[in-house]
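# Architecture and fold: a report
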Amino acid sequence: MRKNRNEVQIIYEFLLQINDGNTQTSSILRKVNIPYNKYEELVARLQERQMIRVVSSGGKDVIEILAKGREFIDQYSKFSKLMEKSYGLKL
């Protein structure tokens with residue numbers, strides 16, 4: 001059973017899936033394990049912050065990660081490793 005995640009952890013997992021090539025809605029919903037309404041809110045929020053872009057391709061919406069999204073993944077990974085190494089806390 002998965003622990004409750006905070007908003008930052010959900011965003012990290014969401015961006016990580018996109019970065020790994022999962023760009024379709026159904027795939028992201030399944031792997032990040034969030035409901036569709038949460039997905040819509042997250043997409044809107046991340047687009048506002050210029051972390052992702054939604055592009056129509058062949059009649060389907062495809063999500064692309066932008067530079068700010070990649071930077072978030074890198075910074076979160078570094079912080080997570082620091083917390084675990086220094087304090088034994090797993091994020």
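Residues numbered from 1 in each chain as written. Predicted model: local features only at pLDDT ≥ 70, side-chain atom pairs only at ≥ 80, totals over all residues. Heavy atoms only, no water.

### What to know about unusual backbone geometry
Heads up, the condition is: Strands here are runs of E lasting at least two residues and helices are runs of H or I lasting at least four, both read from the DSSP assignment and numbered beginning at the N terminus.
Positive phi, close to 60°, is recorded for Asn33, a residue that is not glycine. Tracing the chain through its elements places Asn33 in the loop between α2 (25–32) and α3 (36–48). Of note in this structure, Gln50 is not a glycine but carries a positive phi near 55°. Within the secondary structure, Gln50 is located in the loop between α3 and β1 (52–57).

### Notes on the nonpolar core
Test applied: For this analysis, a nonpolar core means a set of buried residues of the types Ala, Val, Leu, Ile, Met, Phe, Trp, Tyr and Cys, connected via side-chain atoms within 4.5 Å. Remark: exposure states derive from per-residue accessible area (1.4 Å probe, protein chains only) relative to the maximum for the residue type, with buried under 20%, exposed over 50%, and partly exposed in between. Working rule for contacts: check all heavy atoms of both residues, and any pair within 4.5 Å makes them a contact.
Residues Phe14, Leu15, Ile34, Tyr39, Leu46, Ile52 and Ile63 are the most contacted members of the largest nonpolar core, which totals 20 residues. Breaking this core down by element, the ones donating at least two residues are α1 (7–19), α2, α3, β2 (60–65) and α4 (67–87). Excluding residues that lie within four positions of it along the chain, Ile52 makes contacts with Phe14, Leu15, Ile18, Val43, Leu46, Gln47, Ile63, Glu64, Ile65 and Leu66.

### Side note on the side chain of Gln9
With respect to the helices and strands, the residue Gln9 is situated in helix α1. Apart from residues lying up to four places away in sequence, Gln9 is in contact with Asn4, Tyr76 and Leu91.

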